Amino acid sequence: MNSAIQKKSPSSFTGDLVRPRLCYRQWMLAGNPAYFFDHLASQFGDFVHYRGLFSFYLVNHPALVKQVLMNTHKTFDKNTVIYDRFRNVFGDGLVVSEGAKWKRQRRMMQPMFGPVTVQGFFHEMVSAAEELADRWHTQCQTGTVFDIADDMERVTLQIAGKVLFSDGFEEAREQIAAWTSTINHYSAKPPLPIVRQIWFPSQINRQLKQTLSEFQQFTHQLIAERRGGPKVNDLLGILLQAKHEEDGMAMTDAEIAEEVLGMIIGGHETSSSALTWLWYELHHNPSVQECLLEEIDAVVGDGPVKLEHLPQLRYARMVIDECLRLHPPFWFENRNVMQDTNLGGHRIPKGSMVVFSRYSLHRHSSFWNAPETFDPLRQNPEHPENTRSSYAQVPFGGGPRICIGLNFAIMELTVMLVVIARRYRVIVDSSDRHEMAAQLTMTPRHGLKVRLESR
Ligand code: HEM
């Protein structure tokens, strides 16, 4: 690691201006935008001013990323063309809201994602994982090759759905899966001008409007039933009970419906992508898999996994953190500059877009030794590599808009990892065609073809 670069002051970057020179190359790279941003950072440095079809400032240094994340809400906000596209889906929900509205919703919802409340969802996570492991029994015996990405998608949707709606999820499982699939498909498209505006009469826009209207009908009906019935202790029940600490006001039905949608989409697609990459990395790193299994056997033994086991599964946590470093599900971040500001020693005018790619930041060779190597031990808080800035790895973001579901996600990933890994070895099949795709989330483009071996 280069300590001079690590300690670089946030005011001393060159800020090279880059204009696309070879259009064909830009388009080829744009086929995978994570490679495009990686190319820009490796060619032009940690702070790049790019002028092309879209103009933006790319930051790829923890000091600059920290400045952007910490000042989101004061100097930077989410009023960008990219977030506008998400606004078409999430309305004014927490993921995209701004200013006083965001602050109010965040304060009301923060307690729902604290460690104690999240622990209440542990059994739901274990039973979804066990159910999947039971279902895999035949596939394992017959050596069937299947796409594990699909199953990770289904199980994380089931967890999010059950935690939010309890039994209401079971009744609408197939519909919810179809709605979330349309929304993910829409959100993954690049925000091209005009064509991607919600009023443009394209097929995907029509599908999105139809989906949102059906989803709204579903949640409003559920809310109405709940308001008239006994209290239920799922996330929807908690949202219905929540009161703002200052004025004691509850959320309106429309606000609850927006938040529910944000949680079900934001809360399952990300975890599903992380889990798929976990199986990929464990297959390719057999020694890591062995250490993980040793820890699981020592901590959990033969009995069921319990809540009190989780803090003892320290190596499992390092495996998860290392996976989120190499394969950050939300790989891309973007912000609007609210007022003229200084970034990296340069004046950035109001209305500019600042972006960063977690794919590149998490592989920055000045902060990570052998960045492409999957090495969970480097995630140990006592490891020498951990003297680097904590902003060298930000899979959940940072500052005021850090992911509200962080505790939930870590518990879910740990439970899934432990329950599945102690019963099966997941073997990536030779038919798997590996290619990384970077759309809304970072996933293997062709899924992940695997077969199972019993442990
Ligand atoms: C591995 C799983 C997950 C990853 C990697 C992840 C990552 C992120 C990131 C990078 C952000 C944006 C931070 C920013 O704008 O600076 C975010 C925001 C958010 N996430 Fe997650 N997330 C995960 C799971 C979840 C879960 C399980 C939930 C809910 C159940 C959730 C709900 C949200 C919400 C509501 C926001 C918006 C917060 C705000 O702007 O105040 N996420 N997440």
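Report on the accompanying structure. The model shown is predicted, which means the values in this text are computed figures rather than measured ones.

Points about the layout of surface pockets
Here comes step 1: Taken as a whole, the second largest pocket holds about 440 Å³ of empty space.
Here comes step 2: Along the walls of the second largest pocket sit 21 residues, with R317, D321, S390, Q393 and P395 positioned nearest its centre.
Here comes step 3: Ranked by residue count, the leading element in the lining of the second largest pocket is helix α16 (residues 314-326), at 5 residues.
Here comes step 4: Of the residues assigned to the lining of the second largest pocket, the class counts are 10 nonpolar, 7 polar and 4 charged.

Focus: unusual backbone geometry
Here comes step 1: The phi torsion at H73 lies on the positive side, around 105°, for a residue other than glycine.
Here comes step 2: Note that H73 resides in the loop between α4 (62-70) and β4 (76-77).
Here comes step 3: When its relative accessible area of 24% is taken as the criterion, H73 is described as partly exposed.
Here comes step 4: Although it is not a glycine, S166 adopts a positive phi angle of roughly 50°.
Here comes step 5: In this structure S166 comes out as partly exposed when scored by relative accessible area, which is 22%.

So, the site of the ligand
Here comes step 1: Taken together, 26 residues surround the ligand, and among them W102, R106, R335, R401 and C403 come closest.
Here comes step 2: K78 is positioned with one of its side-chain polar atoms (N or O) 2.9 Å from an oxygen atom of the ligand.

Conventions adopted
- Residues numbered from 1 in each chain as written.
- Predicted model: local features only at pLDDT ≥ 70, side-chain atom pairs only at ≥ 80, totals over all residues.
- Heavy atoms only, no water.
- 1 Å grid on protein atoms, 1.4 Å probe; cavity = no way out; pocket = protein on both sides within 12 Å on 5 of 7 lines; lining within 4 Å.
- Points joined across faces, edges and corners; volume = space filled by probe spheres on them.
- Helix = DSSP H or I, 4+ residues; strand = E, 2+ residues; numbered from the N terminus.
- Nonpolar A, V, L, I, M, F, W, Y, C, P; charged D, E, K, R; others polar.
- Buried < 20%, exposed > 50% of the residue type's maximum accessible area, 1.4 Å probe, protein only.
- Near = heavy atom within 4 Å.
- Polar contact = N/O pair within 3.5 Å; in protein donor to acceptor, adjacent residues only side chain to side chain.

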